[in-house]
Amino acid sequence: QVQLVESGGGLVQPGGSLRLSCAASGSIFSSYAMGWYRQAPGKQRELVAVIRSGGSTNYAVPVKGRFTISRDNAQNTVYLQMNSLKPEDTAVYYCNAHRVLLTGYEYDYWGQGTQVTVSS
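The present account deals with the structure reproduced in this document.

Some remarks on the packing of aromatic side chains
Scanning all chains against the criterion turns up five aromatic pairs. Here Tyr 37 and Trp 110 contribute two aromatic rings whose centre-to-centre distance is 4.9 Å and whose plane-to-plane angle is 65°, an arrangement assigned as edge-to-face. You can see Tyr 37 sitting in strand S4 (residues 33-39) and its partner Trp 110 sitting in strand S10 (residues 106-110), a full 73 residues away along the chain. Judged by its relative accessible area of 22%, Tyr 37 falls in the partly exposed class. On the basis of an interplanar angle of 75° and a centroid distance of 5.0 Å, the ring pair of Tyr 105 and Tyr 107 is categorised as edge-to-face. Counting every residue linked through ring pairs, the aromatic cluster contains Tyr 32, Tyr 105, Tyr 107 and Tyr 109. When the ring centre of Tyr 94 is taken as reference, the NZ or CZ atom of Arg 45 above it lies at 3.7 Å. In this structure, Arg 71 is placed above the aromatic ring of Phe 29, and the distance from its NZ or CZ to the ring centre is 4.7 Å.

Examining the state of the cysteines
Summed over all chains, the structure comprises one disulfide. Covalent S-S linkage joins Cys 22 and Cys 95, the inter-sulfur distance amounting to 2.1 Å. On the sign convention where negative means left-handed, the S-S torsion of about -85° between Cys 22 and Cys 95 marks this disulfide as left-handed. Taken together, the positions of Cys 22 in strand S3 (residues 18-24) and Cys 95 in strand S9 (residues 91-100) put the pair 73 residues apart, joining distant regions of the chain. Classification of Cys 22 by relative accessible area gives buried; the value is 0%.

Considering the pattern of salt bridges
This structure, assessed with the given rule, holds three salt bridges. The partner of Arg 38 in a salt bridge is Glu 46, with the nearest N and O atoms 2.7 Å apart. Residue Arg 38 is classed as buried on the basis of its relative accessible area of 6%. Note that Arg 38 and Asp 89 form a salt bridge whose closest N and O atoms lie 2.9 Å from each other. Here the residue Arg 38 occupies a position in strand S4, and Asp 89 occupies one in the loop between strand S8 (77-82) and S9, the gap between them amounting to 51 residues. Given a relative accessible area of 0%, Asp 89 falls into the buried group. Within this structure, Arg 38, Glu 46, Arg 66 and Asp 89 form a network of salt bridges that share partners.

Here we look at unusual backbone geometry
Trans is the prevailing form of peptide bonds, just as negative phi is the prevailing case for residues other than glycine. A positive phi angle, near 50°, is found at Asn 76, a position not held by glycine. Looking at where Asn 76 falls in the secondary structure, it is placed in the loop between strand S7 (67-72) and S8. With a phi angle near 50°, Ser 84 is a residue other than glycine that sits in the positive phi range.

About the thresholds
- Residues numbered from 1 in each chain as written.
- Predicted model: local features only at pLDDT ≥ 70, side-chain atom pairs only at ≥ 80, totals over all residues.
- Heavy atoms only, no water.
- Phe/Tyr/Trp six-rings, centres within 6.5 Å; stacked < 30°, edge-to-face > 60°.
- Helix = DSSP H or I, 4+ residues; strand = E, 2+ residues; numbered from the N terminus.
- Buried < 20%, exposed > 50% of the residue type's maximum accessible area, 1.4 Å probe, protein only.
- Lys NZ or Arg CZ within 6 Å of the ring centre and 35° of its normal.
- Disulfide = S-S within 2.5 Å.
- Salt bridge = Lys/Arg side-chain N within 4 Å of Asp/Glu carboxyl O.

Given below as structure tokens:
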């Protein structure tokens, strides 16, 4: 069982920055791919960025070049640095931990979400 707790959301003006954190419980954090998703009102949840256990990363096109995902396995924490924020980045941001065993069994955990609002 993995528990995820996000923090760092808030209200920021367009062009500003925020840094989200997701603290995970459990001793095998480094084995999980960690991702950030977001869900805006009336829209489906979408992937923002993912960082795999080996450190490789992928970003959604709308955030590429503005957001950076990183992880600190010693602190069991994943971060999302968000720069040059736009009103369309407004959403609830969720942390996800995902792992697939060799048997095919999947583990999938979600945090409670943190609100990010970009507005002047």
